[in-house]
Structures are given as structure tokens and as C-alpha cells.
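Structural overview
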Amino acid sequence: MIGDDLNVFFEDFAVPVSAGQISGKGILDAPTLRLGDADVLSNEYLLTVRTADFGELTYGASITVEGRSYRVREVRQVDDGKLSEISLSKV
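Here we summarise the structure given alongside this text. (Residues numbered from 1 in each chain as written. Predicted model: local features only at pLDDT ≥ 70, side-chain atom pairs only at ≥ 80, totals over all residues. Heavy atoms only, no water.)

Take the pairing of strand E5 (residues 68–78) next. Bridge count for strand E4 (residues 62–65) against E5 is 4 bridges, and the pairing is antiparallel. Note that in E5 the partner of Ile-63 across the bridge is Tyr-70. Between the antiparallel neighbours E4 and E5 lie 2 residues, among them Glu-66 with a positive phi of about 50 degrees. With 8 bridges connecting them, E5 and strand E6 (residues 83–90) associate as antiparallel partners. By the bridge assignment for E6, Val-78 is matched with Leu-83. The hairpin formed by E5 and E6 contains 4 residues between the paired strands, and Asp-79 there has a positive phi angle of roughly 45 degrees. (Pairing = 2+ DSSP bridges. Helix = DSSP H or I, 4+ residues; strand = E, 2+ residues; numbered from the N terminus.)

Take a look at the structure:
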């Protein structure tokens, strides 16, 4: 479980994130390859953010991470709901 001070969690590895008028920080994990038989179906990026900042995003929403554009695939809350994981696809 993450402590109450999320600033400590994001301090070392977070990068700039924005969606519309909302800006904050998030931690972007390297892409995961989704395979179908021997072919790559897609690259999936996972972004960890504060739920209070980005938890209301929905499928298809535009989001910018470190100056790169992505589309939201799914948003799910983690543990106590203070953090969310957002699955992204690169635009």
C-alpha cells in the first residue's frame, strides 16, 4: 500500500502528463507486446497516475506523456484508489 504522501512516490521516476486542461505527473512503464500467434497485435503502455488528477479519463481520450501523444484504452484504480493505472496505445 502506498503511503499518504504520493509526492514521494512520484519524485524519482515521474514524467510530465497532460490531458486537456489537466496536468500532473505519472510513471510510464515500457511497452508490453500483445501477441497473437506469432504476430504482434499491439504495443501496450501502462501509466501510473494520481486518481484525483487523471482517474476520470475514458476510453479513447487523448493524453500526452513526455510530449508524446497516446490514446486511453482503460483506466483502473489500484489498491486504495489513490492511484490509477491507465493502459495506453501510441498515436
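A positive phi angle is found at Glu-66, which is not glycine, with a value near 50 degrees. Along the polypeptide, Glu-66 turns up in the loop between E4 and E5. By relative accessible area, Glu-66 is classed as partly exposed at 43%. Phi angles above zero are rare outside glycine, and Asp-79 is one such case at about 45 degrees. Residue position: Asp-79 is located in the loop between E5 and E6. (Buried < 20%, exposed > 50% of the residue type's maximum accessible area, 1.4 Å probe, protein only.)

Here the focus is the environment of Gln-77. Its place among the elements puts Gln-77 in strand E5. Through-space distance from the C-alpha of Gln-77 to that of Val-49 is 9.6 Å; in sequence the pair is 28 residues apart. Aside from chain neighbours lying at most four places away, what touches Gln-77 is Thr-51, Leu-83 and Ser-84. (Contact = heavy atoms within 4.5 Å.)

Its location among the elements puts Gly-67 in the loop between E4 and E5. In sequence terms Gly-67 and Val-17 are 50 residues apart; their C-alpha atoms lie 8.1 Å from each other.

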